[in-house]
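Here is how the chains run, residue by residue.
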Amino acid sequence: MDNTSTSDIVIINGNSHPDLANMVAERMGLKNGGCSVFHKSNRETIVEISDSVRGKDIYIIQTGTKDANNNIMELLIMAYACKTSSARSIVGVIPYLPYSKQCKMRKRGCIVSKLLAKMMCTSGLTHIITMDLHQKEIQGFFDIPVDNLRASPFLLQYIQESIPDYRNSVIVARNPGVAKKANSYAERLRLGLAVIHGEQKEAESDEVDGRYSPPPTRNSTPQHAPSSSSRTRTTSVSVGVPEHPIKVKPPLTIVGDVNGRIAIMVDDLIDDVQAFVAAAEMLKDNGACKIYVLATHGLLSSDAPRLLDESPIDEIVVTNTIPHEIQKLQCHKIKTIDISILIAEAIRRIHNKESMSYLFRNVTLED
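Notes on the structure follow. (Residues numbered from 1 in each chain as written. Predicted model: local features only at pLDDT ≥ 70, side-chain atom pairs only at ≥ 80, totals over all residues. Heavy atoms only, no water.)

## Concerning the nonpolar core
At step 1: Counting 49 residues, the largest nonpolar core has Ile171 and Ile264 as the members making the most contacts within it.
At step 2: Per-element accounting of this core gives the leading share, 6 residues, to helix H10 (residues 340-351).
At step 3: Here Ile171 is in contact with Ala182, Tyr185, Ala186, Leu189, Leu191, Gly192, Leu193, Ala194, Ile264 and Val266, once residues within four sequence places are set aside.
At step 4: Of all hydrophobic cores here, the second largest spans 31 residues; its members include Val10, Ala79, Leu133 and Ile138. (Core = buried A, V, L, I, M, F, W, Y, C linked by side-chain atoms within 4.5 Å. Buried < 20%, exposed > 50% of the residue type's maximum accessible area, 1.4 Å probe, protein only. Helix = DSSP H or I, 4+ residues; strand = E, 2+ residues; numbered from the N terminus. Contact = heavy atoms within 4.5 Å.)

Structure follows, in C-alpha coordinates:
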(Lines give C-alpha, C1' and ligand atoms only; values in the text may rest on other atoms or scores of the structure.)
Protein backbone atom coordinates (compact mmCIF):
# COMPACT_ATOMS: atom_id res chain seq x y z
CA MET A 1 0.00 0.00 0.00
CA ASP A 2 3.02 2.33 -0.25
CA ASN A 3 1.77 4.07 -3.39
CA THR A 4 -1.34 5.42 -1.66
CA SER A 5 -1.53 9.16 -1.12
CA THR A 6 -3.08 9.16 2.34
CA SER A 7 -3.43 12.89 2.87
CA ASP A 8 -6.91 13.11 1.35
CA ILE A 9 -8.33 9.69 2.33
CA VAL A 10 -10.68 9.39 5.28
CA ILE A 11 -11.97 5.99 6.39
CA ILE A 12 -15.00 6.01 8.69
CA ASN A 13 -17.34 3.26 9.81
CA GLY A 14 -20.63 2.65 11.57
CA ASN A 15 -21.44 0.13 14.26
CA SER A 16 -21.90 -2.91 12.02
CA HIS A 17 -18.29 -4.20 11.81
CA PRO A 18 -15.69 -1.89 13.44
CA ASP A 19 -13.08 -4.69 13.56
CA LEU A 20 -13.08 -5.04 9.77
CA ALA A 21 -12.82 -1.25 9.35
CA ASN A 22 -9.83 -1.14 11.71
CA MET A 23 -8.11 -3.99 9.85
CA VAL A 24 -8.61 -2.26 6.48
CA ALA A 25 -7.29 1.05 7.82
CA GLU A 26 -4.28 -0.69 9.38
CA ARG A 27 -3.43 -2.48 6.14
CA MET A 28 -3.47 0.88 4.36
CA GLY A 29 -1.35 2.55 7.03
CA LEU A 30 -4.17 4.91 7.96
CA LYS A 31 -5.91 5.90 11.14
CA ASN A 32 -9.64 5.32 11.31
CA GLY A 33 -11.43 8.67 10.93
CA GLY A 34 -13.19 10.27 13.84
CA CYS A 35 -16.84 9.32 13.39
CA SER A 36 -19.27 8.62 16.22
CA VAL A 37 -22.55 6.86 15.46
CA PHE A 38 -25.01 6.36 18.31
CA HIS A 39 -28.72 6.19 19.01
CA LYS A 40 -30.89 8.48 21.07
CA SER A 41 -33.40 7.20 23.60
CA ASN A 42 -36.09 7.20 20.89
CA ARG A 43 -33.78 5.05 18.67
CA GLU A 44 -33.01 7.87 16.21
CA THR A 45 -29.53 7.62 14.71
CA ILE A 46 -27.04 10.42 15.37
CA VAL A 47 -23.80 10.82 13.39
CA GLU A 48 -20.96 13.10 14.48
CA ILE A 49 -17.82 13.42 12.32
CA SER A 50 -14.98 15.07 14.21
CA ASP A 51 -12.43 15.30 11.37
CA SER A 52 -12.75 17.64 8.40
CA VAL A 53 -13.97 15.90 5.21
CA ARG A 54 -14.09 18.95 2.92
CA GLY A 55 -12.54 18.11 -0.45
CA LYS A 56 -11.51 14.62 0.67
CA ASP A 57 -12.28 11.09 -0.51
CA ILE A 58 -14.42 9.36 2.10
CA TYR A 59 -14.67 5.58 2.41
CA ILE A 60 -17.53 4.42 4.64
CA ILE A 61 -17.13 0.79 5.75
CA GLN A 62 -20.53 -0.56 6.76
CA THR A 63 -21.70 -4.12 6.19
CA GLY A 64 -25.05 -5.81 6.70
CA THR A 65 -25.74 -7.79 9.88
CA LYS A 66 -28.81 -9.12 11.67
CA ASP A 67 -29.58 -5.48 12.56
CA ALA A 68 -29.87 -4.63 8.86
CA ASN A 69 -32.28 -1.70 9.15
CA ASN A 70 -30.07 0.19 11.61
CA ASN A 71 -27.02 -0.62 9.47
CA ILE A 72 -28.72 0.94 6.45
CA MET A 73 -29.80 4.10 8.27
CA GLU A 74 -26.33 4.59 9.74
CA LEU A 75 -24.81 4.30 6.25
CA LEU A 76 -27.30 6.72 4.68
CA ILE A 77 -26.90 9.32 7.42
CA MET A 78 -23.07 9.06 7.36
CA ALA A 79 -23.08 9.48 3.56
CA TYR A 80 -25.44 12.46 3.72
CA ALA A 81 -23.37 14.06 6.48
CA CYS A 82 -20.28 13.81 4.28
CA LYS A 83 -22.18 15.11 1.24
CA THR A 84 -23.40 18.20 3.08
CA SER A 85 -19.87 18.76 4.42
CA SER A 86 -18.50 19.11 0.86
CA ALA A 87 -16.65 15.78 0.59
CA ARG A 88 -15.11 15.27 -2.86
CA SER A 89 -16.27 11.64 -3.21
CA ILE A 90 -18.09 9.22 -0.92
CA VAL A 91 -17.49 5.51 -1.47
CA GLY A 92 -19.67 3.01 0.37
CA VAL A 93 -17.72 -0.15 1.25
CA ILE A 94 -20.50 -2.67 1.91
CA PRO A 95 -19.04 -6.21 1.97
CA TYR A 96 -22.49 -7.75 2.48
CA LEU A 97 -25.29 -5.73 0.89
CA PRO A 98 -28.48 -6.05 2.97
CA TYR A 99 -31.70 -7.09 1.22
CA SER A 100 -29.70 -8.48 -1.71
CA LYS A 101 -31.82 -11.65 -1.68
CA GLN A 102 -34.95 -9.55 -2.27
CA CYS A 103 -33.97 -8.74 -5.84
CA LYS A 104 -36.94 -10.39 -7.58
CA MET A 105 -40.66 -9.77 -7.54
CA ARG A 106 -42.54 -12.15 -5.24
CA LYS A 107 -46.32 -12.10 -5.71
CA ARG A 108 -47.54 -8.74 -4.34
CA GLY A 109 -44.19 -7.83 -2.81
CA CYS A 110 -41.57 -5.52 -4.29
CA ILE A 111 -37.91 -5.47 -5.33
CA VAL A 112 -36.44 -4.13 -2.10
CA SER A 113 -32.83 -4.10 -3.31
CA LYS A 114 -33.77 -1.59 -6.04
CA LEU A 115 -35.37 0.68 -3.43
CA LEU A 116 -32.22 0.41 -1.30
CA ALA A 117 -30.04 1.27 -4.31
CA LYS A 118 -32.06 4.44 -4.98
CA MET A 119 -31.78 5.47 -1.33
CA MET A 120 -27.99 5.00 -1.38
CA CYS A 121 -27.61 7.06 -4.54
CA THR A 122 -29.80 9.84 -3.13
CA SER A 123 -27.85 9.94 0.16
CA GLY A 124 -24.69 11.06 -1.65
CA LEU A 125 -22.72 7.88 -2.30
CA THR A 126 -20.70 8.17 -5.50
CA HIS A 127 -19.33 4.63 -5.66
CA ILE A 128 -20.07 1.23 -4.12
CA ILE A 129 -17.65 -1.58 -3.23
CA THR A 130 -19.35 -4.83 -2.31
CA MET A 131 -18.58 -8.53 -2.39
CA ASP A 132 -20.33 -11.53 -3.94
CA LEU A 133 -23.76 -10.07 -4.59
CA HIS A 134 -26.56 -12.63 -4.47
CA GLN A 135 -27.30 -11.75 -8.10
CA LYS A 136 -24.85 -9.77 -10.25
CA GLU A 137 -27.79 -8.01 -11.91
CA ILE A 138 -28.28 -5.98 -8.70
CA GLN A 139 -25.49 -3.72 -9.97
CA GLY A 140 -27.97 -2.44 -12.55
CA PHE A 141 -30.20 -1.01 -9.81
CA PHE A 142 -27.53 1.59 -8.96
CA ASP A 143 -26.98 4.84 -10.87
CA ILE A 144 -23.37 4.92 -9.63
CA PRO A 145 -20.41 2.58 -10.28
CA VAL A 146 -20.47 -0.72 -8.36
CA ASP A 147 -17.41 -2.94 -7.92
CA ASN A 148 -18.49 -6.46 -6.99
CA LEU A 149 -15.40 -8.14 -5.49
CA ARG A 150 -14.95 -11.92 -5.36
CA ALA A 151 -14.07 -14.02 -2.33
CA SER A 152 -13.59 -17.18 -4.38
CA PRO A 153 -9.75 -16.90 -4.56
CA PHE A 154 -9.58 -16.99 -0.74
CA LEU A 155 -11.96 -19.94 -0.52
CA LEU A 156 -10.14 -21.83 -3.27
CA GLN A 157 -6.85 -21.27 -1.48
CA TYR A 158 -8.38 -22.59 1.73
CA ILE A 159 -9.50 -25.77 -0.03
CA GLN A 160 -6.04 -26.37 -1.49
CA GLU A 161 -4.10 -25.62 1.69
CA SER A 162 -6.37 -26.64 4.58
CA ILE A 163 -8.39 -29.64 3.39
CA PRO A 164 -6.26 -32.80 3.53
CA ASP A 165 -6.43 -34.89 0.35
CA TYR A 166 -8.67 -32.34 -1.37
CA ARG A 167 -8.04 -34.14 -4.68
CA ASN A 168 -10.48 -36.77 -3.39
CA SER A 169 -13.20 -34.14 -3.09
CA VAL A 170 -16.35 -33.39 -5.02
CA ILE A 171 -17.93 -29.93 -5.21
CA VAL A 172 -21.60 -30.04 -4.25
CA ALA A 173 -24.39 -27.62 -5.18
CA ARG A 174 -27.13 -27.93 -2.57
CA ASN A 175 -29.73 -26.93 -5.18
CA PRO A 176 -29.71 -26.37 -8.96
CA GLY A 177 -29.58 -22.60 -8.45
CA VAL A 178 -26.06 -22.85 -7.03
CA ALA A 179 -24.86 -25.24 -9.75
CA LYS A 180 -23.21 -22.46 -11.81
CA LYS A 181 -21.08 -21.30 -8.87
CA ALA A 182 -20.25 -24.88 -7.88
CA ASN A 183 -19.26 -25.70 -11.46
CA SER A 184 -16.83 -22.75 -11.46
CA TYR A 185 -15.16 -24.09 -8.31
CA ALA A 186 -15.03 -27.61 -9.75
CA GLU A 187 -13.38 -26.41 -12.96
CA ARG A 188 -10.74 -24.37 -11.14
CA LEU A 189 -9.86 -27.22 -8.80
CA ARG A 190 -10.30 -29.90 -11.52
CA LEU A 191 -12.73 -31.82 -9.32
CA GLY A 192 -16.05 -33.57 -9.89
CA LEU A 193 -19.44 -31.94 -9.46
CA ALA A 194 -22.58 -33.17 -7.71
CA VAL A 195 -25.97 -31.44 -7.58
CA ILE A 196 -28.71 -32.05 -5.03
CA HIS A 197 -32.11 -31.87 -6.66
CA GLY A 198 -35.55 -31.64 -5.06
CA GLU A 199 -34.76 -29.39 -2.12
CA GLN A 200 -37.91 -28.27 -0.34
CA LYS A 201 -38.24 -24.49 -0.41
CA GLU A 202 -40.10 -22.36 2.07
CA ALA A 203 -43.85 -22.74 1.65
CA GLU A 204 -45.62 -19.59 0.57
CA SER A 205 -48.98 -18.75 2.11
CA ASP A 206 -52.03 -19.77 0.13
CA GLU A 207 -54.35 -16.97 1.14
CA VAL A 208 -57.96 -16.97 -0.03
CA ASP A 209 -57.79 -13.47 -1.50
CA GLY A 210 -58.76 -14.06 -5.09
CA ARG A 211 -55.31 -14.74 -6.51
CA TYR A 212 -56.25 -18.38 -7.26
CA SER A 213 -59.90 -17.79 -8.17
CA PRO A 214 -60.71 -19.09 -11.67
CA PRO A 215 -62.17 -16.73 -14.26
CA PRO A 216 -65.93 -16.96 -14.92
CA THR A 217 -67.02 -19.59 -17.43
CA ARG A 218 -68.37 -18.24 -20.71
CA ASN A 219 -70.94 -20.57 -22.21
CA SER A 220 -71.85 -18.29 -25.10
CA THR A 221 -70.03 -18.43 -28.39
CA PRO A 222 -67.60 -15.52 -28.94
CA GLN A 223 -68.83 -12.85 -31.31
CA HIS A 224 -65.67 -12.95 -33.42
CA ALA A 225 -65.08 -16.66 -33.93
CA PRO A 226 -62.03 -17.58 -36.03
CA SER A 227 -62.66 -18.37 -39.65
CA SER A 228 -62.39 -21.91 -40.98
CA SER A 229 -59.03 -21.12 -42.62
CA SER A 230 -57.41 -19.70 -39.49
CA ARG A 231 -58.94 -22.39 -37.27
CA THR A 232 -56.51 -24.92 -38.71
CA ARG A 233 -53.52 -22.82 -37.58
CA THR A 234 -54.83 -21.61 -34.20
CA THR A 235 -55.08 -23.70 -31.05
CA SER A 236 -57.81 -22.73 -28.60
CA VAL A 237 -58.78 -24.04 -25.19
CA SER A 238 -62.20 -25.48 -24.50
CA VAL A 239 -63.37 -23.24 -21.63
CA GLY A 240 -61.82 -20.02 -20.26
CA VAL A 241 -58.21 -19.68 -19.14
CA PRO A 242 -56.40 -22.99 -18.55
CA GLU A 243 -55.48 -23.79 -14.95
CA HIS A 244 -51.79 -23.51 -14.10
CA PRO A 245 -50.38 -26.93 -13.12
CA ILE A 246 -49.34 -27.25 -9.49
CA LYS A 247 -45.63 -27.90 -8.89
CA VAL A 248 -44.93 -31.26 -7.30
CA LYS A 249 -41.43 -31.28 -5.84
CA PRO A 250 -39.50 -34.49 -6.50
CA PRO A 251 -37.88 -36.37 -3.60
CA LEU A 252 -34.40 -35.26 -2.57
CA THR A 253 -31.83 -36.89 -4.86
CA ILE A 254 -28.15 -36.45 -5.68
CA VAL A 255 -26.90 -36.24 -9.24
CA GLY A 256 -23.26 -37.31 -8.98
CA ASP A 257 -21.09 -39.73 -7.00
CA VAL A 258 -20.07 -38.76 -3.44
CA ASN A 259 -19.42 -42.24 -2.03
CA GLY A 260 -16.07 -42.27 -0.21
CA ARG A 261 -15.38 -38.67 -1.24
CA ILE A 262 -14.99 -35.36 0.60
CA ALA A 263 -18.10 -33.27 -0.12
CA ILE A 264 -17.58 -29.49 -0.35
CA MET A 265 -20.77 -27.42 -0.53
CA VAL A 266 -20.31 -23.86 -1.81
CA ASP A 267 -22.70 -20.90 -1.64
CA ASP A 268 -22.67 -17.12 -1.29
CA LEU A 269 -24.60 -16.84 2.01
CA ILE A 270 -25.25 -19.03 5.06
CA ASP A 271 -28.19 -17.72 7.05
CA ASP A 272 -30.92 -20.23 7.91
CA VAL A 273 -29.02 -23.50 7.87
CA GLN A 274 -31.83 -26.08 7.73
CA ALA A 275 -31.28 -26.60 3.99
CA PHE A 276 -27.52 -27.10 4.51
CA VAL A 277 -28.14 -29.59 7.35
CA ALA A 278 -30.67 -31.57 5.26
CA ALA A 279 -28.21 -31.67 2.34
CA ALA A 280 -25.37 -32.78 4.66
CA GLU A 281 -27.49 -35.60 6.08
CA MET A 282 -28.24 -36.82 2.59
CA LEU A 283 -24.57 -36.63 1.59
CA LYS A 284 -23.66 -38.65 4.69
CA ASP A 285 -26.29 -41.27 3.84
CA ASN A 286 -24.80 -41.54 0.36
CA GLY A 287 -21.32 -42.30 1.67
CA ALA A 288 -19.54 -38.94 1.91
CA CYS A 289 -16.62 -39.33 4.32
CA LYS A 290 -16.32 -35.62 5.22
CA ILE A 291 -18.53 -32.62 4.60
CA TYR A 292 -17.39 -28.99 4.32
CA VAL A 293 -19.48 -25.87 3.72
CA LEU A 294 -17.82 -22.79 2.21
CA ALA A 295 -19.56 -19.44 1.78
CA THR A 296 -18.66 -15.77 1.52
CA HIS A 297 -21.15 -14.36 4.02
CA GLY A 298 -21.85 -16.04 7.35
CA LEU A 299 -24.99 -14.39 8.72
CA LEU A 300 -25.88 -17.50 10.78
CA SER A 301 -29.17 -16.25 12.17
CA SER A 302 -31.32 -17.67 14.96
CA ASP A 303 -30.17 -21.07 16.27
CA ALA A 304 -27.88 -21.75 13.29
CA PRO A 305 -24.76 -22.42 15.46
CA ARG A 306 -26.56 -25.14 17.44
CA LEU A 307 -27.96 -26.80 14.31
CA LEU A 308 -24.53 -26.77 12.65
CA ASP A 309 -22.86 -28.18 15.76
CA GLU A 310 -25.32 -31.08 15.85
CA SER A 311 -25.17 -31.71 12.08
CA PRO A 312 -22.91 -34.12 10.11
CA ILE A 313 -21.04 -31.08 8.71
CA ASP A 314 -17.37 -31.23 9.73
CA GLU A 315 -16.41 -27.62 9.03
CA ILE A 316 -18.08 -24.33 8.04
CA VAL A 317 -15.77 -21.78 6.40
CA VAL A 318 -16.90 -18.16 5.92
CA THR A 319 -15.17 -14.82 5.43
CA ASN A 320 -15.27 -11.90 7.86
CA THR A 321 -17.61 -9.77 5.73
CA ILE A 322 -20.11 -10.16 8.59
CA PRO A 323 -19.10 -10.30 12.28
CA HIS A 324 -19.81 -13.74 13.77
CA GLU A 325 -17.61 -14.02 16.85
CA ILE A 326 -20.55 -14.97 19.09
CA GLN A 327 -21.55 -17.75 16.69
CA LYS A 328 -17.99 -19.09 16.71
CA LEU A 329 -18.14 -19.39 20.50
CA GLN A 330 -21.32 -21.44 20.15
CA CYS A 331 -20.05 -23.71 17.37
CA HIS A 332 -16.42 -24.83 17.15
CA LYS A 333 -16.85 -25.92 13.52
CA ILE A 334 -16.97 -22.35 12.18
CA LYS A 335 -13.71 -21.05 10.64
CA THR A 336 -13.05 -17.51 9.38
CA ILE A 337 -11.03 -16.22 6.43
CA ASP A 338 -9.85 -12.59 6.53
CA ILE A 339 -10.61 -10.63 3.34
CA SER A 340 -9.55 -7.18 4.60
CA ILE A 341 -6.51 -7.20 2.29
CA LEU A 342 -8.81 -7.41 -0.77
CA ILE A 343 -10.94 -4.47 0.41
CA ALA A 344 -7.83 -2.42 1.19
CA GLU A 345 -6.39 -3.09 -2.25
CA ALA A 346 -9.69 -2.14 -3.89
CA ILE A 347 -9.75 1.17 -1.99
CA ARG A 348 -6.13 1.88 -2.93
CA ARG A 349 -6.77 1.21 -6.62
CA ILE A 350 -9.92 3.35 -6.73
CA HIS A 351 -8.20 6.23 -4.95
CA ASN A 352 -5.15 6.09 -7.24
CA LYS A 353 -7.40 5.72 -10.31
CA GLU A 354 -5.82 2.38 -11.15
CA SER A 355 -7.52 -0.43 -13.03
CA MET A 356 -9.59 -2.87 -10.98
CA SER A 357 -9.12 -5.61 -13.57
CA TYR A 358 -6.24 -7.17 -11.63
CA LEU A 359 -8.64 -8.05 -8.81
CA PHE A 360 -10.90 -9.86 -11.28
CA ARG A 361 -8.25 -11.67 -13.31
CA ASN A 362 -9.14 -15.24 -14.25
CA VAL A 363 -12.68 -14.64 -12.95
CA THR A 364 -15.36 -16.05 -15.21
CA LEU A 365 -18.96 -14.97 -15.50
CA GLU A 366 -20.06 -18.01 -13.47
CA ASP A 367 -18.30 -16.77 -10.30
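Now, onward.
## Some remarks on the state of the cysteines
At step 1: Tallied over the full model, the rule gives 0 disulfides.
At step 2: Looking at Cys82, it has no disulfide partner, and the nearest cysteine sulfur is the one in Cys35, 7.1 Å off. (Disulfide = S-S within 2.5 Å.)

## A short note on the sheet that holds strand E4 (residues 57-61)
At step 1: A sheet is described by the order of its strands in space; here 5 strands give the open sequence E1-E4-E5-E6-E7, paired in parallel fashion. Strands at the two margins of the open sheet, each flanked by one partner only, are strand E1 (9-13) and strand E7 (146-149). Pairs of neighbouring strands in the sheet enclose a mean axial angle of 20 degrees, with direction left out of account.
At step 2: Relative to strand E5 (residues 89-94), E4 runs parallel, the two being bridged by 5 bridges. Among the inter-strand pairings, Tyr59 is bridged to a residue of E5, identified as Val91. (Pairing = 2+ DSSP bridges. Axes fitted to C-alpha atoms, helices over the stretch in contact; angles between N-to-C directions.)

## A short note on the side chain of Arg174
At step 1: Tracing the backbone through its elements, the reader meets Arg174 in the loop between strand E8 (169-173) and helix H5 (179-189).
At step 2: In terms of polar contacts, Arg174 uses its side chain to reach the side chain of Asp267, at 2.9 Å. (Polar contact = N/O pair within 3.5 Å; in protein donor to acceptor, adjacent residues only side chain to side chain.)

## Side note on the packing of helix H4 (residues 152-162) against H5
At step 1: It is at 11 Å that the axes of H4 and H5 come closest, and there the two elements cross at 50 degrees. Classified by the angle between their axes, H4 and H5 sit oblique to one another. As for the relative orientation of H4 and H5, their crossing is right-handed in sense. When H4 is examined against H5, the residues Ser152, Leu155, Leu156, Ile159 and Gln160 are found in contact with a partner set consisting of Tyr185, Arg188 and Leu189.
At step 2: Per-class residue counts for the contact of H4 with H5 are 5 nonpolar, 2 polar and 1 charged. (Parallel < 35°, antiparallel > 145°, perpendicular 65-115°, else oblique. Left-handed = near helix turned anticlockwise from the far one by under 90°. Nonpolar A, V, L, I, M, F, W, Y, C, P; charged D, E, K, R; others polar.)

## Describing the packing of helix H2 (residues 68-84) against helix H3 (residues 112-123)
At step 1: It is the contact of H2 with H3, at a shortest axis distance of 8 Å, that shows an interaxial angle of 25 degrees. The angle between H2 and H3 falls in the class roughly parallel. Mapping the contact onto sequence places Ile72, Leu75, Leu76, Ala79, Tyr80 and Lys83 in H2 and Leu116, Met119, Met120, Thr122 and Ser123 in H3.
At step 2: Looking at the contact of H2 with H3 residue by residue, the classes come out as 8 nonpolar, 2 polar and 1 charged.

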